[in-house]
Structures are given as structure tokens and as C-alpha cells.
Amino acid sequence: MSISLHHLPREGEMENVHLAVEEDDIYSGYNDYNPTFDSEELENDVGFQQAVRTSHGRRPPMTARFPGTAIGARPLASSFGSRIPMASSMGRPMTGAVQDGAARPMTAVRAAGYTSSLTRGSNFDPLGQSRGPAPPLEAKNEDTPEEKIKILEKKVNDLIEESCMAQSIGALQLALEKAKEAGRKERALVRQREQSGNAEHINLDLTYSVLLNLANQYANNEMYPEALNSYQVIVKNKMFSNAGRLKVNMANIYVKQKNYPKAIKFYRMALDQISNAHKEMRIKIMQNIGVVFVRMGQYSDAITSFEHIMSESPNIKTGFNLILCYYAIGDRERMKKAFQKLISVPLGIDDEDKYIPSNDDASSNMVIEAIKNDKLHQMERDLKVLAEKFIMTSAKLIAPAIETSFATGFDWCVDMVKSSQYVELANDLEINKAITYLRQKDFNQIEAVETLKTFEKKDSRVKSAAATNLSFLYFLEKDYDQADRYADLAMNADRYNPAALINKGNTVFVKQDYEKAAEFYKEALRNDSSCTEALYNLGLTYKRLNRLEEALDCFLKLHAILRNSAQVMYQLANIYELLEDPQQAIEWLMQVISVTPTDPRALAKLGELHDGEGDKSQAFQYYYESFRYFPSNIDVIEWLGAYYIETQFCEKAIQYFERATLIQPTQVKWQLMVASCYRRSGNYQKALETYKDIHRKFPENVECLRFLVRLCTDMGLKEVQEYATKLKKVEKMKEIREQRVKSGREGSARGRREGREGSAGSAAGVSTPVLTSPKKASIMDSGHSSNSTKGERLSAKMRSLPGSNEPYEASSPKEIDASYVDPLGPQMERPKTGAKRRVEDDDFADEELGDDLLPE
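Residues numbered from 1 in each chain as written. Predicted model: local features only at pLDDT ≥ 70, side-chain atom pairs only at ≥ 80, totals over all residues. Heavy atoms only, no water.

## Here we look at the overall build of the chain
(1) Moving on: The secondary structure content of the chain amounts to 38 helices and two strands.
(2) Moving on: For the chain, the proportion of its 856 residues judged to be buried stands at 40%.
(3) Moving on: Surface exposure of the chain reaches about 50000 Å², of which carbon and sulfur atoms provide 51%. (Helix = DSSP H or I, 4+ residues; strand = E, 2+ residues; numbered from the N terminus. Buried < 20%, exposed > 50% of the residue type's maximum accessible area, 1.4 Å probe, protein only. Areas by Shrake-Rupley, 256 points an atom, 1.4 Å probe, with all protein chains shown as cover.)

As C-alpha cells, then:
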């Protein structure tokens, strides 16, 4: 024990005080024996015993000159003299004592690079750079079993991570390969541990991760038996905790395999192994059980599951599925109760007023602006839209079932919604009520119109929506004045409503004021740049104005939005044809065929273009395909018959002309073509019978009588004189008729000439303009070329069909049927009907967008 004395020794103690002698070496004398360190003599040391018995050694320092620190007593010395340290009462050297004029350096100070012996020539080196570089680290020995095990574990973890990353980007096969390789490495790791004698230190978490990832990747690649085997290995291993939850994954696989009884069994096994503390997980499993029961048609069992969920933790999807089950069993009263439960489900979202900034606090306004469009607010909006969608669908589904009539049931639903948290949805339900009237088979349009007219005094948004739909209805009825009136009403209520602007543009379009119609379509596009109806109609308007380049630009933009729209691609092909670029037209029509391979009009158009290019074989292929899908197109039939006659296969042409005879029985030319084919093929008897049959139906047909006379003469028949007499009689009557017509034309021409001479005499120098006939004007407006090729002659009727280039006769789908949802809902899927509708003839003739091309 070192005792620091901070006072002078008293009398009687001086004999025990030894003064330190100054020596040259400050570290000398440590190996000499000093009686001070003799612990056996401490009992006989009077000074030591006195210090132990009294507080002699614990007295405070006399002055601040020598502070009592752990360093020990400091030497009494001036800055000019040598340092003389104090000694203990027994002559022991004190800690930190100096000898030979230099103090022994203290460790705590030495580490910072400072020393008390600077006078001896040492340099200032705080970082120890004078000692040279540090020795190199020892190389890790990777040959040891422990290092090999660590390296293998790292490889396995890396492979699992790579497998998950590959699966996240859609590379399912690569993810499976990585998962299999991780499994092989993990088994090698287990063997390595067993060989090194560390079998009890197996990493169960790593094994669990490898097996689970492998099972998931098997399931993602639809290798369901392998996935089930991998899950089974995990579930049966008692060393894995909470492995029973994976039975949910196994049940999901059984659902995909449509093995519903086994799926329910595994769902229930998973439910038994999950404690009540995990309430949300149990609710989701019960919801799956209910959906599987629905797919099995066991609606009573499904109702039990859904009712339990609605009592424990109600949610929108379960409430909707419960209504569907009650509808399936026809329980009217429980349908009403389920609808009331559905509209009372709390959504747990904030009011929209929270996101309205106030004018007082600038900092809070900045916060509101930041959270207005964040992911949380987007999620809240999506949840609200989903809830409104389910409520709207439920109302439309149960309205005819809960009351004696659809109107009464729908009114009950509207009343319930008005008293709930979805008050704003009541007006939308009323509008949907009117639209549902239109969708009914009896087409109760009066009720629909009356319902929509009730919204004329509502707020601007609802008023604009109702007026837009009324304008659409009157437009379909071709009551363009009323359609124009309600379009104006919708625009006045909401000038930024693109559907109202489109309907207004359509009413102007049918009046052939194309420039003004284009302005309305442009304004609709300025309000909603993604409004495809406005862009389509603008393209048609430019086409009518013969501004083909601008029309092409519109349809190219529309094609970028609607990549698989057959109507848009057909319009592009038609514009390229008008621009006299048949190759581009053929390419776009090929894209039409890739989307709708069974469309006969597009196939016939391809045949026409190839025929115009001189490629008869390709033209025949497309015309034949068109005939196969639609065997009633006269133009296609005529082309195929003429093709077979041209290629000397008259027997094959007969079937096409016979079909034309069935389609147009009053046209004699098809029957004459049939008889001509028989005659050219050498079947004179059949040709004679056909000509006789034609003569009975058309006794005044000169051409038929001529062929009868020729055939009877060649065959030496007696009827030749009879037919020759009839021929002369018919020819004489025809000559008389033509003479009368000719004389009538000469009289009218003489009258017109006299009239022109009179007007010329009264108004000399005034020229008469050349007028274009309406028929010619319509052909010119449609952009038809004047070439009289075979293909264009055959397609003349196709191009001049009535109603060509009509605008899109519908308001925005958001206004017409924005809330229509498949009644089965997202959890009870069924195939969508009409998803890949064949493009019919009227689609291209009328140049309209189909209702099913846009999302509802």
C-alpha cells in the first residue's frame, strides 16, 4: 500500500526518513533489496503501525502545491534546481520519483507523445512514425473446418438472396435454379459439420430458409407437387417452430389445383395452430375458407364463415361476399341486413377536409401540401373507391330481388345510403338507376329520361353528369336538337367536363360543321389529355376535312394509348390508303388481323390491297379467309367466283355464285353466272336446265334467251325455234322501249338548251358553275380514288355504306357506367364475356369506338 504524506514528519520519526540519493540512471536500484518491501518486518515498523492505527496517512494536503493524486508525491524542486522527491517513512521510493534529473515517463502521458526528457534530444513524434510500418496481418487460414463452414454458410445465404431477387424481377426459372443450388450447398454444409464433429451446432434457421424458399419457387413455377413435398418436409419437422402456418401455403396450392376439400382441410389445420393473439391472420384464413366454400357451391357454409368475420372484424370485401351468398340462396331479408352491414363498415380513413389548406398557418399548409398526394392518402382514396364500387354493385344486384320491382328495391338502397357515411354516393346511385333502365331488355327509356331529368336542379357535378347522359340518349335517337340542348346544359354546369364537350362536338359534327366540332374536341383534350374519345373523333374530323396528315397524327397518338385497338389500327390503314401508301396500309391491317384474326372485313380489305398490288395469290388467301368467316359478303363472293373463272376452275366458281343467288335471288346475273360456269366446264345439259329455269323466272331476259338458242342449236333440240321466236319478240320490245326513252331525252335536252339560250340572251357574260352531284360529293369526301381497278370496284359498296365516318356516339364511360362491376367481385372470379370481341362489319363501317375497348 502506497501512502502519500503531505506533512513534515514529527519528532521521533526522523530516524525512519531516508532521503533519495540522486543517481545517473533513473532505473537503477530496482534489483537491490530494500527492507521497505519486507512484509515480514511490517509488524515491527513503528511508523507503519502508527499510520495504520491513526488517520495519519489520510490527512488532507497542507497546500495546493502538492496535490494528492494517484501519481504519488511530487519532488520538491524549482525550475532551476534538481528534483528531490519525498520518501516514505521507511525510505521506500515514491511512485513517479525521478532520479538523475529526469522523471520516469508516466504511461497516460507517454501515449499522447509527450515526455519529460525532451532535453535529451528526442523528437516530437505523436503518431510513432519513427518506428516504421506496422507488421503485416497474419493470413487467415481457410483450411480449418470452422472457416470452411463459415464460407459455405455465406454462399448459401447469398444464393437465397439471389433467388429472391430473381423472383422479384420475374425471372422465375432462374429463381428456381438458385433455390435448388442453395439446397445442394446447405446439404453439403450439414455433411461438413458432421465430419468436423459439430453436428449438434446445425443452423436450423438456415435450413428453414432454404426449404421455404425452394417451396415458394416451386409454387411460383407452377410445379405444385414438388412445392407440396417441400412444404411437407418443413411442416413434419418438429424442430421448426411455427411451421404450421405454412399449411396456409399448401392450402393455396390446393385451391389452384381446384382440390377444394383438401384446401379447406389445410386451412382449418392452419387455423387450429394459430393462436387467438394473431387475430388478423385468423380472419384472413377464415375469409379464404369462405371463398373456397363459394367455389364449391356450399353457400350456407360460406355464410357461416363470412358472418363470423363480420361479427369479429368487419371489412368491405367480406360484407360484399356475404351479400352475394345471400343473393345466391335468395334470402331477401338477410340481403337487406347484409347491405346495411356493408354500408356501416368503418373504413378508418381521415376526412377529406383534413387535406384542405387553411390561410392562417403557412407551416401547416406546407405539411398539408406534402401529404396531399403521399402513399397513405393514395391508399385511403383507393380504399374509398373500392368501398363505393362494392356498394354500387351490391345495390344493382339486390335491387330487383329485395322488392317486387327494380325501382322500389333501388329506392330502398338509395335511402339506406343517404343515411350512411356514403351520402355523396346516393346521387351516383340515382344516375346508375337510370342507366340500368337502359340496360334492361324492355329498354324503359322514359323512366331513364325522367330519372335523369330530376337532377337538373341538383349541384353542378351531378347536374352535368345527368345532362351528359341525356344528351347521349337523344343523340342515339337522332334527336339532335335535344342532344344539343342537353350538351349545352352539361357544359354550363361544368365547362371542364370532357364528356359534355364531346357530345357537343358530336351534335355539331352531324351538322357537318367540322371546324367547330374540331374545336370542341380540342377543348375536351385540353381538359383531359387522356380522353380517347375526343382524340378519335378529332381524327375523324380531320379526315372529313381532308387534312390527312393531322388525322394520321391523331390516330398515331391514340394508338400509343390504346395499343390493341383494332378500330384505331384500321383507321391508320385507311388513312395510309388515302395517302396512296398501300404497303403501310397492309402493315397496319396485318396488326388488325393479329388482334382480331377472325374479322372478315379486315381480311377482305387485305385481299383488296394485295389485288391492287397485283399479288393474286395473297389476295385469294385473304378473300377466302374472309368468306370462311362471313360467307354473305357479295363483293367477296364475286371476287372469288371471278378468280376461279380466270384460273379456269369453273366448277369451283359454281358454289360461290349459287350462294350469291341465295343472298340476292332477284338479281339475274348470279344465276346467269352459274349457267355460264356449267357451260364453260362442258356440262351442257346442266347449263340448259339452268337457263330454262332462269327463263321461267325472268322471261324477258335477252341474254338468257340467246344462250338458250345457242345451246339448243348446238345440241340439235326442237325447242330452238320456240326460243328464237321469243328472242326476236323480246328484242323488238326492247328496241321500242329504248326508242321511247331516247326521244324523251332529246325533248328534255332541247327544252334545257332553249332555256339556256334565253338566259344567255337576258344576262350575257354570266357563266354557270359546274355542280357536283351529291353522290359524287360523298365519294370525294370519303377520300376514294377514281381508279377503276377490280379491287376498288368490288369495295365500292364497302366504302359507301351509310353512316360512314360517324363520330363516337357516346359520352365518357365514366359518365355512362363508371361504377359497373362484375357481380361476382374480385374474390369470386368468372370469365369476362366479350373481352376479345370480334370486330364486326359495323365497327369499321361506322368508325366508332366500341364500349368494351375502354376500362369502366
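## Considerations on the environment of Glu333
(1) Moving on: Within the fold, Glu333 resides in helix H12 (residues 332-343).
(2) Moving on: Taking relative accessible area as the criterion, Glu333 reaches 48% and is therefore assigned partly exposed.
(3) Moving on: Each C-alpha atom, one on Glu333 and one on Ile402, is 7.3 Å from the other, the two residues being 69 residues apart in sequence.

## A short note on the pattern of salt bridges
(1) Moving on: Applying the stated criterion to the full structure yields 23 salt bridges.
(2) Moving on: Here Arg547 and Glu550 are joined by a salt bridge, their closest N and O atoms 2.8 Å apart.
(3) Moving on: The partly exposed category is assigned to Arg547, whose relative accessible area is 26%.
(4) Moving on: Lys692 serves as the salt-bridge partner of Glu719, at 3.8 Å between the closest nitrogen and oxygen. Residue Glu719 is located in the loop between helix H32 (702-715) and helix H33 (720-762), and its partner Lys692 is located in helix H31 (residues 684-697); the two are separated by 27 residues in the primary sequence.
(5) Moving on: Residue Glu719 is classed as partly exposed on the basis of its relative accessible area of 27%.
(6) Moving on: One network of salt bridges, in which partners are shared, links Glu307, Asp331 and Arg334. (Salt bridge = Lys/Arg side-chain N within 4 Å of Asp/Glu carboxyl O.)

## Some details on the environment of Gly244
(1) Moving on: Turning to its location among the elements, Gly244 is positioned in the loop between helix H6 (224-236) and helix H7 (247-256).
(2) Moving on: Linking Gly244 and Tyr231, residues 13 residues apart in sequence, is a C-alpha distance of 9.8 Å.
(3) Moving on: Excluding anything up to four places from it in sequence, Gly244 contacts Ala270 and Gln273. (Contact = heavy atoms within 4.5 Å.)

## Considerations on empty space enclosed by the protein
(1) Moving on: The full count for this structure, using the stated rule, is four cavities of 30 Å³ or more.
(2) Moving on: Roughly 40 Å³ of internal volume is contained in the second largest cavity.
(3) Moving on: Contributing to the lining of the second largest cavity are Tyr570, Ala573, Asn574, Glu577, Ala585, Leu589, Lys605 and Leu609.
(4) Moving on: Among the secondary structure elements, those contributing two or more residues to the lining of the second largest cavity are helix H24 (566-578), helix H25 (582-595) and helix H26 (600-612).
(5) Moving on: Considered class by class, the residues forming the lining of the second largest cavity number five nonpolar, one polar and two charged. (1 Å grid on protein atoms, 1.4 Å probe; cavity = no way out; pocket = protein on both sides within 12 Å on 5 of 7 lines; lining within 4 Å. Points joined across faces, edges and corners; volume = space filled by probe spheres on them. Nonpolar A, V, L, I, M, F, W, Y, C, P; charged D, E, K, R; others polar.)

## Some details on the packing of aromatic side chains
(1) Moving on: Considering all chains together, one arrives at 18 aromatic pairs under this definition.
(2) Moving on: Consider the rings of Tyr474 and Tyr486, whose centres lie 5.6 Å apart with planes at 15°: the pair is stacked. Residue Tyr474 is found in helix H18 (residues 460-476), and its partner Tyr486 is found in helix H19 (residues 480-493); the two are separated by twelve residues along the sequence.
(3) Moving on: For Tyr486, a relative accessible area of 3% corresponds to the buried category.
(4) Moving on: Centre to centre, the rings of Tyr623 and Trp639 are 4.4 Å apart; their planes meet at 25°, and the pair counts as stacked. Taken together, the residues span a long stretch of sequence, with Tyr623 in helix H27 (residues 616-629) and Trp639 in helix H28 (residues 634-646) at a distance of 16 residues. (Phe/Tyr/Trp six-rings, centres within 6.5 Å; stacked < 30°, edge-to-face > 60°.)

## Side note on unusual backbone geometry
(1) Moving on: For Lys258, which is not a glycine, the phi torsion comes out positive at approximately 60°.
(2) Moving on: In this fold, Lys258 is placed in the loop between H7 and helix H8 (260-272).

## A look at the nonpolar core
In a soluble, globular protein the nonpolar side chains are often hidden away together inside.
(1) Moving on: Counting 78 residues, the largest nonpolar core has Tyr267, Phe339 and Tyr422 as the members making the most contacts within it.
(2) Moving on: Ranked by the residues each element gives to this core, the list is headed by helix H14 (residues 375-402), at nine residues.
(3) Moving on: Beyond its immediate stretch of four places on either side in the chain, Tyr267 contacts Val248, Ala251, Asn252, Val255, Ile285, Asn288, Ile289 and Val292.
(4) Moving on: With 53 residues, the next largest nonpolar core counts Ala467, Leu470, Tyr474 and Tyr521 among its residues. (Core = buried A, V, L, I, M, F, W, Y, C linked by side-chain atoms within 4.5 Å.)

## Here's the deal with the side chain of Thr207
(1) Moving on: Structurally, the position occupied by Thr207 is in helix H5 (residues 204-220).
(2) Moving on: Among all residues touching Thr207, those that are not within four sequence positions of it are Glu186, Ile202 and Phe240.

## Focus: H27
(1) Moving on: Here H27 is 14 residues long and its end C-alpha atoms lie 20 Å apart, about the 20 Å a rise of 1.5 Å per residue gives.
(2) Moving on: Ala619, Phe620, Tyr622, Tyr623, Ser626 and Phe627 are the residues of H27 that are buried. (Expected span 1.5 Å × (residues − 1).)

## Some points on the packing of helix H22 (residues 532-544) against H24
Packed helix pairs are specified by the crossing angle of their axes together with the interaxial distance, meaning the distance between the axes.
(1) Moving on: Packing of H22 against H24 brings their axes to within 12 Å, and their N-to-C directions diverge by 20°. Between H22 and H24, the angle is such that the two are roughly parallel. Crossing of H22 against H24: the hand is left-handed. Residues Tyr536, Leu540 and Lys543 of H22 form the contact with H24, whose participating residues are Gln567, Val568, Gln571, Asn574 and Ile575. (Axes fitted to C-alpha atoms, helices over the stretch in contact; angles between N-to-C directions. Parallel < 35°, antiparallel > 145°, perpendicular 65-115°, else oblique. Left-handed = near helix turned anticlockwise from the far one by under 90°.)

## Some details on the packing of helix H11 (residues 316-329) against H14
(1) Moving on: Remark: H11 packs on H14, axes separated minimally by 10 Å, with the N-to-C direction vectors making an angle of 10°. Accordingly, the angle class assigned to the pair H11 and H14 is roughly parallel. Handedness of the H11/H14 crossing: left-handed. Contacts between H11 and H14 involve Ile316, Lys317, Phe320, Ile323, Leu324 and Tyr327 from the former and Leu386, Ala387, Phe390, Thr393, Ser394, Leu397, Ile398 and Ala401 from the latter.

## Concerning the environment of Ser311
(1) Moving on: With respect to the helices and strands, the residue Ser311 is situated in helix H10 (residues 299-312).
(2) Moving on: Along the primary structure Ser311 and Lys341 are separated by 30 residues, whereas in three dimensions their C-alpha atoms are 9.9 Å apart.

## Observations concerning H22
(1) Moving on: Here H22 spans 19 Å end to end across 13 residues, near enough to the 18 Å set by a 1.5 Å rise per residue.
(2) Moving on: Burial runs high along H22: 13 of the 13 residues are buried.
(3) Moving on: Positive backbone phi, at 65°, marks Asn546, one or two positions downstream of H22.

## Looking at the confidence of the model for the chain
(1) Moving on: On average, residues of the chain score 74 in pLDDT, and 67% of them are at 70 or above.
(2) Moving on: Contacts of residues 1-23 to residues separated by more than four positions or lying in other chains number 34 contacts, the stretch itself having pLDDT below 50.
(3) Moving on: Low pLDDT, under 50, characterises residues 63-93; the predicted model gives this stretch 53 contacts beyond four residues in sequence or across chains. (pLDDT = per-residue confidence, 0-100.)

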